[in-house]
Amino acid sequence: MEKIRPLIWNGESLLLLDQRALPQEEIYVHCRSAAEVGESIRGMVVRGAPAIGVAAAFAMVLAARVIAFSPDINDGNTFNWPFFLSKLVETGVMLKNTRPTAVNLSWGVERMLKRAEELTGTAPLEALSQLEELACHIYEDDIAINKRIGEYGSTLLPTPCSILTHCNAGALATAGYGTALGVVRSAFKAGKEIQVFADETRPFLQGSRLTAWELQQEGIPVSLIVDGAAGYLLRSRRINCVIVGADRIAANGDVANKIGTYMLAVLAEKHNIPFYVAAPRSTFDFSLSSGEEIEVEERGGEEVTHLKGVAVAPPGIGAINPSFDITPASLVTAIVTEYGIIHHPDRAAIEHFFASKGGNS
Ligand code: MRU
């Protein structure tokens, strides 16, 4: 079992490690309904693209149970499947609207809806049990996928290796293990001498509160830097590579990730340092031809003007808070997936890569 467990399904409810409270407190928020999971995603109790996809899958299980026992479900003596499916679709829309940028969220919802449709006509209790089984499979599979990403990514790292990372693309951002930090974990386990530099990642501080905490738990050497120190570090050549995760990757390889990622990619190119993205196949959105079509979530300005409720700016000041940015594929050295590594990703390379792996793109 993984040491860090951001999500725990106990068969009746979903427990979410409250990422707003880390690193001071390790407490779980108990979600007993899809609405509570939705609120937890919106409020950043759980965050990170794969983690919110997995949380949404369990939210669909919770919703399915409520709908299946609602007073309106019986049409005469028969289970009203159209009603069941339409209510599940409504829940899916609610969940997808909680955070727009990470495609994994709608991916998780759509997988559950597809299975529900396939189950039409089966005994209701059997259908509910199969939906739960699928959500548990999505959870387990996410960890297995991260481990494969870790193994492939580890081959890219020299030893010793100094790595700069941004935000948190670790166990906390997934079902466990992590994408970018999965690569770090695998390299460390393989005996490589690793030093991580973690951007603090304003305003939510995923780097200082989450990445630093989880690497410290594992005994992986990590030093925290303020976001503005990245250029200095990359220029002084103490860094071998930059590795980040992704929230959505367009068909041409443009990458949406935490705000500040694009700055790092530009700096990495300037200083001739490899810029790697680690992400599962489910983060690719082939319906979008470029990153310009990716919706970037704007969060409230108070996340910028306040830190844990304490004002760090004058009262009444305006602030904008785009939560993600888009890094053009031309700045990405390679994308590490569970199927292998896509070097110099562009539309053709990505299409060819997945076609050769038998995956549909
Ligand atoms: O706003 P967040 O914390 O959900 O943003 C998370 C990121 O940007 C991560 O880098 C991304 O989701 C990849 S996580 C494996």
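Residues numbered from 1 in each chain as written. Predicted model: local features only at pLDDT ≥ 70, side-chain atom pairs only at ≥ 80, totals over all residues. Heavy atoms only, no water.

### Remarks on empty space enclosed by the protein
Summed over all chains, the structure comprises four cavities of 30 Å³ or more. Among the elements of the structure, α2 (49-68) and β11 (255-258) are those that each provide at least two residues to the lining of the largest cavity. With three residues, α2 is the single largest residue contributor to the lining of the largest cavity. Considering only residue class, the lining of the largest cavity consists of 13 nonpolar, ten polar and five charged. There are two domains that each give the lining of the largest cavity at least three residues, and those are domain 1 (7-146) and domain 2 (155-357). Estimated volume of the second largest cavity: approximately 80 Å³. (1 Å grid on protein atoms, 1.4 Å probe; cavity = no way out; pocket = protein on both sides within 12 Å on 5 of 7 lines; lining within 4 Å. Points joined across faces, edges and corners; volume = space filled by probe spheres on them. Helix = DSSP H or I, 4+ residues; strand = E, 2+ residues; numbered from the N terminus. Nonpolar A, V, L, I, M, F, W, Y, C, P; charged D, E, K, R; others polar. Domains from an automatic or database assignment.)

### Here we look at the site of the ligand
Inspection of the region around the ligand gives 19 residues, with R47, R99, Q206, N257 and K258 positioned closest. The contact in question runs from an oxygen atom of the ligand to an N or O atom on the backbone of G48, over 2.9 Å. Notes on the ligand: free accessible area 410 Å², of which the protein chains cover 99%. Applying the majority rule of atoms within 2 Å of the grid points places the ligand in the largest cavity. (Near = heavy atom within 4 Å. Polar contact = N/O pair within 3.5 Å; in protein donor to acceptor, adjacent residues only side chain to side chain. Areas by Shrake-Rupley, 256 points an atom, 1.4 Å probe, with all protein chains shown as cover. Sits in = over half its atoms within 2 Å of the grid points.)

### Points about the domain arrangement of the chain
When its domains are assigned, the chain resolves into domain 1 (7-146) and domain 2 (155-357). The gap between the C-alpha centroids of domain 1 and domain 2 is 27 Å. The interface is formed by 29 residues belonging to domain 1 together with 33 residues belonging to domain 2. A per-residue breakdown of the area domain 1 buries against domain 2 is headed by R47, T101 and N146, which together make up 24% of the total. Run the count over domain 1 and domain 2 and you get one salt bridge. Where domain 1 touches domain 2, the interface holds 18 residue pairs in polar contact (both at pLDDT 80 or more). (Contact = heavy atoms within 4.5 Å. Buried area = accessible area lost by both parts, 1.4 Å probe. Salt bridge = Lys/Arg side-chain N within 4 Å of Asp/Glu carboxyl O.)

### A closer look at the environment of E293
Relative to the helices and strands, E293 resides in the loop between β13 (284-285) and α10 (302-305). When the C-alpha atoms of E293 and F84 are compared, they prove to be 33 Å apart, with 209 residues separating the residues in sequence. Apart from the residues within four sequence positions on either side, E293 is in contact with S287 and L288.

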